[in-house]
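Chain by chain, the residues run as shown.
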Amino acid sequence: MAVPVAFFALFFAYPVTAIVGRGFRTDDGWRFGRIGEVLGRPDILDVLWFTTWQALASTALTLLIALPGAYVFARFAFPGKQVLRAVVTVPFVLPTVVVGTAFLAVLGRGGLLDELWGVRLDTTVWAILLAHVFFNYAVVVRTVGGLWSQLDPRQEEAARVLGAGRFAAFRRVTLPALVPAVAAAALMVFLFTFTSFGVVQILGGPAYSTLEVEVYRQTAQLLDLPTAAVLTLVQFTAVGAILAVHAVTVRRRERALKLVDPAQTSRRPRGAGQWALLGGVLLTVLLLILLPLGVLVERSLDGPGGYGFGYYRALQSAGSGATSTFLVPPLEAVGNSLRYALVATLIALVVGGLAAAALTRRAGRLVRGFDALLMLPLGVSAVTVGFGFLITLDKPPFDLRTSWILVPLAQALVGVPFVVRTMLPVLRAVDERLREAAAVLGASPLRAWREVDLPLVRRAVLVAAGFAFAVSLGEFGATVFIARPDTPTLPVAVARLLGRSGELNYGQAMALSTILMLVCAVSLLLLERIRTDRSGEF
């Protein structure tokens, strides 16, 4: 636990505590009475209520739509499965401002629904909920599906032989084994939607505001740091309470499972019902995932003189409509993002892997409490973290403001929780007797881990790496404050272009977004191929 504790203490707890402390400290001392003042305001209470119920609704809707997809990807073999698995993860890396714009083109004025049926959903809560499902579909599919594909189907088949119906066998055998993974996925979806920013700001309009949106408004627009500090503290406390409840609930339901090679559980659909389920999942992916992504591609090619690659060619020059915005050609952001994401993924795997290994030992309350603390970066305002980095990591021996490593460190903060939540259910499902047998035969703890745990969790490690890489590519909230002007990331470059008027800037933003989408899809596809090639080693 030493490395994860030190990492989170220095790069999360210290910056967040410092920025919140500045909001409560005045020349006359500390003023904690501001908490009651802020929370007593009707407008703040409305923000708290909307933040909570839309997160609950988004989580429930995501589980309802994505769990069938998790089953299909875990149990069915069909052509294009690897490509489709990579495609459904692409939304995870797209900046929220870009996705919001794409959904406006589908749901807003002059959009596809408006043209076909005269229906508009922008500035409604349904647009927000659908966009949240779009973002988080892959969380459920990959987190739940990763474990589901390794569950031995013969256990459920044995229950069927003993007289249980299909639903009863699933409810009594498979569902209890999936509960930890489903709870982990639901927790991540809830945290992302609870702290939603770009989606609510663009699709919800002025009528809807979450805590994250309000923190940004109070900080960047109204310069009211005390109110922003109170809201950050409320968000921090709420997320901490949710994580504590989750840790207790999941720990009671976890048990050792028999894990098998995923290749043994995947087969072609049989019967009309399974083919209908596969068709329904493919249709959902088409309408929910591919349609908004297709809008991005179409707009990146739709130039003033017709369809072509004019916007892409303009990205090669820093002076093409963005002279005062970029010191380097926007296209260089692709290389910057890849380098940052690779370093952030390595950091997240080391920190998250060590934390997950420590949490499997169940060594007292300290370790159990750390399980919840690891998820806090997903529930704390990225605006707060970014500002905290600037005001704390500015003095020796941690003067990192001009160092390139600052961006991967901020990205890794978001990647570590995904590594932990992806690896932990699988690590805890490994039968302890296997480790004990290895120890009896003379294996050291390191060798037992290498020869017992690692072969079983290699798939989870690759899934965790894919998640960490994806969220690092798309991280925007904290990176926008610390990325250097001469080394912007893709999301930062897109935001800068969208922040400037003009058709050329908007087209370049769509082109960069398309590049980001393709980079993520290719990376995840390569990861899927590596994982499939090594599946026989389990």
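Residues numbered from 1 in each chain as written. Predicted model: local features only at pLDDT ≥ 70, side-chain atom pairs only at ≥ 80, totals over all residues. Heavy atoms only, no water.

K.L.:
For the environment of Asp399, give the residues involved together with the corresponding values.
P.N.:
If you trace the backbone, Asp399 turns up in the loop between helix H18 (382-392) and helix H19 (406-429). Its relative accessible area of 35% is what places Asp399 among the partly exposed residues. Residues within four places of Asp399 in sequence aside, it is in contact with Leu393 and Asp394. (Helix = DSSP H or I, 4+ residues; strand = E, 2+ residues; numbered from the N terminus. Buried < 20%, exposed > 50% of the residue type's maximum accessible area, 1.4 Å probe, protein only. Contact = heavy atoms within 4.5 Å.)

K.L.:
Describe the packing of aromatic side chains, with residues and values.
P.N.:
Within the structure shown, the criterion is met by 13 aromatic pairs. Aromatic side chains Phe50 and Trp53 sit 5.9 Å apart centroid to centroid with 85° between the ring planes, which places their arrangement in the edge-to-face category. Taken together, the residues Phe50 and Trp53, both in helix H3 (residues 42-75) and three residues apart, mark about one turn of the helix. Clustering of aromatic rings is evident, with ring pairs tying together Phe7, Phe8, Phe11 and Phe12. (Phe/Tyr/Trp six-rings, centres within 6.5 Å; stacked < 30°, edge-to-face > 60°.)

K.L.:
Provide a residue-level description of a positive patch on the surface, including the pertinent values.
P.N.:
Together, Arg160, Arg166, Arg267 and Arg270 make up a positively charged patch on the protein surface. Turning to its location among the elements, Arg270 is positioned in the loop between helix H12 (225-253) and helix H13 (271-301). (Patch = residues over 30% accessible without salt bridge, like charges linked within 9 Å, V, L, I, M, F, W, Y side chains within 5 Å. Areas by Shrake-Rupley, 256 points an atom, 1.4 Å probe, with all protein chains shown as cover. Salt bridge = Lys/Arg side-chain N within 4 Å of Asp/Glu carboxyl O. Lys, Arg positive; Asp, Glu negative; His and termini not counted. Charge placed at Lys NZ, Arg CZ, Asp CG, Glu CD.)

K.L.:
Give me the lowdown on the environment of Leu48, citing residues and values where you can.
P.N.:
Relative to the assigned elements, Leu48 resides in helix H3. Separated by 183 residues in sequence, Leu48 and Leu231 have C-alpha atoms that sit 9.2 Å apart. Ignoring any residue separated from it by four or fewer positions in sequence, one finds Leu48 in contact with Leu39, Leu211 and Val234.

K.L.:
Would you mind going over the packing of helix H15 (residues 332-359) against helix H21 (residues 445-474) in detail, with residue names and values included?
P.N.:
Between H15 and H21, whose axes approach to 8 Å, the crossing angle comes to 135°. Compared by their axis directions, H15 and H21 come out oblique. The handedness of the crossing between H15 and H21 is right-handed. Contact residues: H15 offers Ser337, Leu338, Ala341, Leu342, Ala344, Thr345, Ala348 and Leu349, while H21 offers Val461, Ala464, Ala465, Ala468, Phe469, Ser472 and Leu473. Considering only residue class, the contact of H15 with H21 consists of 12 nonpolar, three polar and no charged. (Axes fitted to C-alpha atoms, helices over the stretch in contact; angles between N-to-C directions. Parallel < 35°, antiparallel > 145°, perpendicular 65-115°, else oblique. Left-handed = near helix turned anticlockwise from the far one by under 90°. Nonpolar A, V, L, I, M, F, W, Y, C, P; charged D, E, K, R; others polar.)

K.L.:
Tell me about the packing of helix H20 (residues 432-440) against H21, and name the residues and values.
P.N.:
The relative placement of two packed helices is expressed as an angle between their axes plus a distance between the axes. In the contact formed by H20 and H21, the axes pass within 9 Å of each other and the chain directions differ by 155°. For the element pair H20 / H21, the angle class is roughly antiparallel. You can see that H20 and H21 cross each other, and the crossing is right-handed. Taking contact as the criterion, the partners of Leu434, Arg435 and Ala438 in H20 are, on H21, Ala448, Val452, Asp453 and Leu456.

Such coordinate-based values are descriptive only and should not be taken to indicate function.
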